[in-house]
Amino acid sequence: MPASRWHWVPTFASAALLAGLGASGLLHGQGRTAADVAWLAGDSEWTRLDEREATLHQRRQAEELLGAFTRAQLTRHYWGQFASSLIDLGLVADPSLKASVESQPLQTRLWLTPRRGDEAYLSQVSVDGGKLRRVHCRGPIADVGATSAAVTDSDQCPAGWTALPQ
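**What about the pairing of strand β2 (residues 107-114)?**
Across the eight residues that make up β2, a large majority, seven, are buried. Between strand β1 (residues 97-104) and β2, which pair antiparallel one after the other, the connecting turn spans two residues. Looking at chain direction, β2 and strand β3 (residues 119-128) are connected through six bridges and run antiparallel. If you follow Thr 108 over to β3, its bridge partner there is Val 125. If you look at the hairpin formed by β2 and β3, you'll find four residues sitting between the two strands, and Gly 117 has a positive phi there, around 105 degrees.

**Points about the state of the cysteines**
In a disulfide, the sulfur atoms of two cysteines are held together by a covalent bond. In total, this model carries one disulfide according to the counting rule given. For Cys 137, the disulfide goes to Cys 157, at an S-S distance of 2.0 Å. Taking the sign of the S-S torsion, about -95 degrees here, the bridge from Cys 137 to Cys 157 comes out left-handed. Pair noted here: Cys 137 is in strand β4 (residues 131-140) and Cys 157 is in the loop between α5 (144-150) and β5 (162-163), with a separation of 20 residues, a long-range link. Each member of the pair, Cys 137 together with Cys 157, is buried.

**Overview of the sheet that holds β1**
Strand order in the open sheet formed by five strands is β1-β2-β3-β4-β5, with antiparallel pairing between adjacent strands. Of all the strands in the sheet, the pair left with one neighbour each is β1 and β5. Relative to β5, β4 runs antiparallel, the two sharing two bridges. What sits directly across from Arg 138, in β5, is Thr 162.

**A word on the pairing of β3**
Taking burial as the measure, the 10 residues of β3 include nine buried ones, the bulk of the element. Pairing of β3 with β4 involves 10 bridges; the strand directions are antiparallel. Looking at β4, one finds that Glu 119 is bridged to Pro 140. The turn linking β3 back onto β4 is made up of two residues, and Gly 129 within it adopts a positive phi angle of 60 degrees.

**So, the side chain of Arg 109**
With respect to the helices, strands and loops of the structure, Arg 109 is situated in strand β2. Classification of Arg 109 by relative accessible area gives buried; the value is 6%. Here Gln 107 takes part through its side chain, which lies 3.5 Å from a polar atom of the side chain of Arg 109. Within the local environment of Arg 109, its side chain forms a polar contact with the side chain of Gln 124, the two groups lying 2.8 Å apart.

**Things to note about the packing of aromatic side chains**
Per the counting criterion, the structure on display carries two aromatic pairs. Ring plane angle 85 degrees and centroid distance 5.2 Å describe the contact between Tyr 78 and Trp 79, whose orientation is recorded as edge-to-face. Judged on exposure class, the residue Tyr 78 and its partner Trp 79 are both exposed. Ring centres of Trp 111 and Trp 161 lie 5.8 Å apart, and the angle between their planes is 80 degrees; this geometry places the pair in the edge-to-face category.

**Some details on the nonpolar core**
When a protein is soluble and globular, its nonpolar side chains tend to lie buried together. If you look at the biggest cluster of nonpolar residues, it comprises 15 residues, and the most contacted ones within it are Leu 91, Leu 110 and Leu 112. Those elements that place two or more of their residues in this core are α3 (43-78), α4 (86-89) and β2. Per-element tally for this core: the top contributor is α3, with six residues. Leave out the neighbours within four places in its chain, and Leu 110 touches Leu 65, Leu 66, Phe 69, Leu 86, Ala 99, Ser 100, Val 101, Tyr 121, Leu 122 and Ser 123. Residues Leu 122, Val 135, Cys 137 and Cys 157 belong to the second largest nonpolar core, which totals eight residues.

Thresholds applied
- Residues numbered from 1 in each chain as written.
- Predicted model: local features only at pLDDT ≥ 70, side-chain atom pairs only at ≥ 80, totals over all residues.
- Heavy atoms only, no water.
- Buried < 20%, exposed > 50% of the residue type's maximum accessible area, 1.4 Å probe, protein only.
- Helix = DSSP H or I, 4+ residues; strand = E, 2+ residues; numbered from the N terminus.
- Pairing = 2+ DSSP bridges.
- Disulfide = S-S within 2.5 Å.
- Polar contact = N/O pair within 3.5 Å; in protein donor to acceptor, adjacent residues only side chain to side chain.
- Phe/Tyr/Trp six-rings, centres within 6.5 Å; stacked < 30°, edge-to-face > 60°.
- Core = buried A, V, L, I, M, F, W, Y, C linked by side-chain atoms within 4.5 Å.
- Contact = heavy atoms within 4.5 Å.

Have a look at this one:
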C-alpha cells in the first residue's frame, strides 16, 4: 500500500487521545468552569449578588436624580426662587425611590428614600451670603426623619452620612 493512504492515522490517534483526556476530566470533575462553580454556589450567593446589583443600580439612579435636581434648582434660583417639587422642575423619580422636596427661601433639599435597601440620599442647595452651595450625601435610611430637622450647614452632610462626589 502506498503511504498516502495511511496519512490519516496520526490525526485519528491525536483526536482519540484528546477525546479521552476531555472525557476523563469531565468524569472526574477536574475541568469545572466558572459557570459550574456559580451553579453550585447556592441560592444565598445568588440572593446576595442580586441585592448588591440592585443597590448599585439604585445608587446610580439616585445620583443621577440628585445631580438633575441640583442643576434645576440652581437655574430656578437664578430666575427668582427654588422650586417646591420635582414636578415644578420637570423631574420624575423612579418608582423605586420615594422623593421628598423641602424648600425654603434660602435652601432646598431633596430626600430620596428607596423602597428597598438601607441607604437614603440627600441633595441640598442653599444660598449663603449670595453664594450658592450644594452637597450630595448618602446615609442610613433610618436617620432620614431625625436628620431632616437637624441639617443646618449649607455645605455639610448630616453627621454619619457620606459626601458623594459631584
